[in-house]
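# Understanding the architecture of this molecule
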Amino acid sequence: MSQGVLAIAEQLDGAFRKVTFEAVSEGKKIAAGMGCSLTVVVPGSGMESVARDLAKYGADKIIIADNAALKEYTTDAYANVVADIIGKEDPAVVILGATAQGKDLAPRLAARLDAAIAIDVIEIKVDGDSITATRPMYGGKLLADVVLEGTPKIIATRPNAMGVLESDGAGAVETVSADVGETAIRFVEKTMESNKLELTEADIIVSGGRGMGGGDFAILEALAAAMGGAVGASRVAVDEGWRAHSDQVGQTGKVVSPNLYVACGISGAIQHLAGMSSSKVVVAINKDPDAPIFSKADYGVVGDLFELVPAITEEIKAIKG
Amino acid sequence: MDIVVLLKQVPATEAMIGIADDGKSIKTDDIKWVINPYDEFAVEEALKIKEEQGGTVTILSVGTDKTVEAIRTGLAMGADNGVLINDPATAGCDSLGIAKILAEALKTMPYDLIIAGQRAVDDDNYIVGGAVAEYLGIPQISLVNKEEIVDGKIRCNRTVEGGTVVLDAPLPALFTTQRGLNEPRYASLPGIMKAKKKPLDTKTLSDIGIEAPSPKVGIAALRMPPERVGGRMIEGESAQEKAALLVKALHEEAKVV
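Quick caveat, the model's predicted, so the values are computed rather than measured.

### So, the overall build of chain B
- Within chain B one finds 7 helices and 13 strands.
- Principal-axis analysis of the C-alpha atoms places the extent of chain B at approximately 70 × 45 × 40 Å.
- Burial status across chain B gives 55% buried among its 257 residues.
- Sequence separation of 24 or more characterises 71% of the internal contacts of chain B that already satisfy a separation of 6 or more.
- Both charge centroids of chain B, one from 29 positive and one from 38 negative side chains, sit 1 Å from each other.

Next up, the structure:
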């Protein structure tokens, strides 16, 4: 009979992404609820030393799937290796992060294993063998409670939605020489913007919209840098070519849930509000006192953002010393 | 090059979404239905590839009577023909079931390349593209914002957190779209006229030879997210004063900085 929880770790250049610790922590909670153990699969190359750290988040067993061909993520190599391990371990639940990688791998695994799947899950409830997952739909305009049937159940957790919890796991390490099987996809190269904080993983986001009036976001960059946050944009700012597509927050862009979201010169179209409404604290800065964004903001400031934002940056620097 | 675009009709993103009386579906009165924005990128990219390399563009959708409108819009943009799987039995399917149906339909069609949206902006499931590729046993590359086809191979720029990965795959293959891939064209008036005469086949599940797969995922309930209410306006004489009061509140009350 299927039992146990199996988490899939995600690494970039040999280091785990934050969402891996979130998925492993959540996997431990599910395992505790079901009264079973947590296994973490670590696909990659030369991951042995960092993989041991996963015991801190409750991993009872750590399977290192080691192969040079797994250093960089490709769908078919990863799907072949992970599906093999799932076949052998026969878990009741598979959990991973809903990143670009997780959202690519999970549906492939679900189709191969004929498994129930839910992506971008923000809350999980276990009741015996049954699992209810809560996930946003319509870009965050609605929340859906979905019930997953059969085994395994595949759950991809939305980055920043689940906490990281330390707990003791036995952490028994097993290294397997993973067979990637037949693969068609070839990794050519990658270009990473160094130091760029990913919006969906950022604790603080400073976003700019139409009120920026142009592509110079330097004052927002400065405020974000002072707080250790990332810079986002409204659809208008992206459509105008002021910011990259990857910066867009909203129903057709990224749905974010930082601790602090600062909306600068953003009036608050319904698609944008949906994409940021799960932020913990929202600050709106706009010269129009009737802007819809103020009705969704914890703190509103009416005024010229070009005066306010640099002043806020100075105040932040003062308290950070 | 025979290209198939997987298309879904969804509520326009400016729509207010309300929950129907059953608590499990949305209110559909007064909703304007459109082509899923990510599928619009897929139609546009298919047309561009066809313009460069020749071939056909077919739009494939699972939907209802009203989905004809969305497919006709794709045909008016320039696609050659449409296939609509219209069967009440699909209503109870989950994403994996829809993917299985699409894959079965694709097995009866010629294709070198399949293009799908990364997700539909209604359910936000992110499942259909990858699952269709798996059922067909072909490679998939997702979140693509640039592609090039040379010598039977496709090279894609795939967007990942904080960067871009370049990948190659042999055709036939499937890729899913990301913002920035292109600017979808508007249907021209002559395009709209021509679209009325383009072939649009409607099929039932028995035409494809598949029974509706039983769902493994079901919606138990829909809820509105916790309503955000407007909080406090920060008042002050100068930008400096407002900034100081705001940061004090963020630091001492909200404790987020």
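### Focus on the packing of aromatic side chains
- Counting across every chain of the model gives 4 aromatic pairs over all chains.
- Summarising the aromatic geometry, the rings of A:Y73 and A:Y78 are spaced 4.8 Å apart at their centres and angled 65° between planes, so their arrangement reads as edge-to-face.
- Through a chain of ring-to-ring contacts, the aromatic side chains of A:F16, A:F21 and A:Y57 assemble into a single cluster.
- Over the face of the ring belonging to B:W33 we find B:K66, whose NZ or CZ atom lies 3.8 Å from the ring centre.

### Section: helix α3 (residues 95–106) of chain B
All names here are of chain B.
- Between its first and last C-alpha atoms α3 spans 16 Å; for 12 residues at 1.5 Å apiece the expected length is 16 Å, and the two agree.
- Of all 12 residues in α3, 10 are buried; the element is thus mostly enclosed.
- Residues of α3 that are buried: S95, L96, G97, I98, A99, I101, L102, A103, A105 and L106.

### So, the packing of helix α5 (residues 218–227) of chain A against helix α8 (residues 305–320) of chain A
All names here are of chain A.
- It is the contact of α5 with α8, at a shortest axis distance of 9 Å, that shows an interaxial angle of 20°. Considering the angle they form, α5 stands roughly parallel to α8. Two packed elements cross with a definite hand, and for α5 against α8 that hand is left-handed. Contact residues: α5 offers I219, L220, A222, L223, A226 and M227, while α8 offers L305, F306, V309, P310, I312, T313, I316, K317 and K320.
- Here the residues of the contact of α5 with α8 sort into 12 nonpolar, 1 polar and 2 charged.

### As for the sheet that holds strand β10 (residues 142–148) of chain A
- Pairing is antiparallel across the open sheet formed by 4 strands, whose spatial order is β8(A)-β9(A)-β10(A)-β12(B). Since the sheet does not close on itself, it has two edges, and those belong to β8 (123–127) of chain A together with β12 (217–223) of chain B, each with one partner. Within this sheet the neighbouring strands show an average axis-to-axis angle of 25°, counted without direction.
- Its contacts with the sheet place helix α1 (residues 18–34) of chain A against β8 and β9 (130–137) of chain A, and it is angled at close to 15° to β8(A).

### What to know about the pairing of strand β14 (residues 204–208) of chain A
Residue and element names in this part refer to chain A.
- For β14, a buried count of 5 out of 5 residues is recorded, marking the element as mostly surrounded by other parts of the structure.
- Residues I204, V206 and G208 point to one face of β14 and I205 and S207 to the other, with burial holding for every one of them.
- Relative to strand β16 (residues 260–264), β14 is paired through 5 bridges, and the arrangement is parallel. Paired with I204 across the strands is L260, a residue of β16.
- Strand direction decides the pairing type here: β14 and strand β15 (residues 230–233), joined by 4 bridges, are parallel. Bridged to I205 within β15 is A230.

### Notes on the nonpolar core
- The biggest cluster of nonpolar side chains holds 61 residues, and the ones touching the most others in it are A:I154, B:L6, B:L60 and B:L106.
- If we ignore the near neighbours within four places in the chain, the residues touching A:I154 are A:V94, A:L96, A:A106, A:L109, A:A110, A:A115, A:A116, A:I117, A:A118 and A:L148.

### A closer look at the pattern of salt bridges
- In total, this model carries 36 salt bridges over all chains according to the counting rule given.
- Where A:R108 meets B:E134, a salt bridge forms, and the shortest distance between an N and an O atom there is 2.7 Å. With one member in each of two chains, A:R108 in helix α4 (residues 100–113) and B:E134 in helix α4 (residues 128–136) form a pair that bridges those chains. No difference in accessibility class separates A:R108 from B:E134, as the two residues are buried.
- In this structure, a network of salt bridges that share partners links the residues A:D13, A:K71, A:E72 and A:K190.

About the cut-offs
- Residues numbered from 1 in each chain as written.
- Chains lettered and ligands numbered in written order.
- Predicted model: local features only at pLDDT ≥ 70, side-chain atom pairs only at ≥ 80, totals over all residues.
- Heavy atoms only, no water.
- Helix = DSSP H or I, 4+ residues; strand = E, 2+ residues; numbered from the N terminus.
- Buried < 20%, exposed > 50% of the residue type's maximum accessible area, 1.4 Å probe, protein only.
- Contact = heavy atoms within 4.5 Å.
- Lys, Arg positive; Asp, Glu negative; His and termini not counted.
- Charge placed at Lys NZ, Arg CZ, Asp CG, Glu CD.
- Phe/Tyr/Trp six-rings, centres within 6.5 Å; stacked < 30°, edge-to-face > 60°.
- Lys NZ or Arg CZ within 6 Å of the ring centre and 35° of its normal.
- Expected span 1.5 Å × (residues − 1).
- Axes fitted to C-alpha atoms, helices over the stretch in contact; angles between N-to-C directions.
- Parallel < 35°, antiparallel > 145°, perpendicular 65-115°, else oblique.
- Left-handed = near helix turned anticlockwise from the far one by under 90°.
- Nonpolar A, V, L, I, M, F, W, Y, C, P; charged D, E, K, R; others polar.
- Pairing = 2+ DSSP bridges.
- Core = buried A, V, L, I, M, F, W, Y, C linked by side-chain atoms within 4.5 Å.
- Salt bridge = Lys/Arg side-chain N within 4 Å of Asp/Glu carboxyl O.

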